[in-house]
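Structural overview
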Amino acid sequence: MSSIYDFSADTITGDSKKLSDYSGKVLLIVNTASKCGLTPQFRGLEDLYQQYKDQGLVILGFPCNQFAGQEPGSEVDIAEFCQLNYGVSFPMFAKIEVNGDHTHPLYQYLKQQAPGLMGSKSIKWNFTKFLISPDGRQIKRFAPTDAPEKLKHDIELLLS
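This one's a predicted model, so the numbers in the text were calculated from it and none came from an experiment. (Residues numbered from 1 in each chain as written. Predicted model: local features only at pLDDT ≥ 70, side-chain atom pairs only at ≥ 80, totals over all residues. Heavy atoms only, no water.)

The next point concerns the packing of aromatic side chains. This model, assessed by the stated rule, comprises 9 aromatic pairs. Seen from their ring centres, tyrosine 49 and phenylalanine 90 are 6.0 Å apart, and the 75° between their planes marks the pair as edge-to-face. Of this pair, tyrosine 49 sits in helix H1 (residues 41-52) while phenylalanine 90 is found in the loop between helix H2 (75-86) and helix H3 (105-113), placing the two residues 41 residues apart along the sequence. With respect to class, tyrosine 49 is no different from phenylalanine 90; both count as buried. For the pair phenylalanine 62 and phenylalanine 93, a centre-to-centre distance of 4.5 Å together with 10° between the ring planes defines the contact as stacked. Here phenylalanine 62, found in strand S4 (residues 57-63), pairs with phenylalanine 93, found in the loop between H2 and H3; they are 31 residues apart in sequence, far enough to count as distant. Residue phenylalanine 62 shares its accessibility class with phenylalanine 93, and that shared class is buried. Grouping aromatic residues by their ring pairs yields a cluster made of Phe42, Phe81, Tyr86 and Phe127. Across the ring face of tyrosine 22, the terminal group of lysine 17 is positioned such that the distance to the ring centre comes to 5.2 Å. (Phe/Tyr/Trp six-rings, centres within 6.5 Å; stacked < 30°, edge-to-face > 60°. Helix = DSSP H or I, 4+ residues; strand = E, 2+ residues; numbered from the N terminus. Buried < 20%, exposed > 50% of the residue type's maximum accessible area, 1.4 Å probe, protein only. Lys NZ or Arg CZ within 6 Å of the ring centre and 35° of its normal.)

Turning to unusual backbone geometry, a few remarks are in order. The backbone phi angle of alanine 68 is positive, close to 55°, even though this residue is not glycine. If you trace the backbone, alanine 68 turns up in the loop between S4 and H2.

Across the protein, pLDDT averages 93, with 99% of residues at or above 70. The secondary structure element of the protein with the lowest average pLDDT is H2, at 90, and the one with the highest is S4, at 98. (pLDDT = per-residue confidence, 0-100.)

Have a look at this one:
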């Protein structure tokens, strides 16, 4: 695979979605959880999406239950929680695994292209963020504790 746009994933409603549909957009891909201390980041992510979506930013949320069982619900539960509590309107996808033997191919690629601290390939926690350039080739990784608003400068650089 040579680009992020070579992948597809199931949406939270069960439809298959090609990431090539987002070609030419700045993407922010985040593994999420509804019952995590970092869950309030949904608000910041939605704020970023509202601020920059008309300029070409798309945020893609990938729920994951691999960290302390903090995303135990069904896709319906997750979608309702995100919408009711945080007004999430950016695309959400079906629950996936981001580490281990069943890692989603998209996350295998992301971890290869943008390793974490000291070259680590694993995702350490919920709300790890990957910022992808419009051509799908430049990928920058942000820690779970990096607040969404801290990404504004990097997003603006890619949008310009």
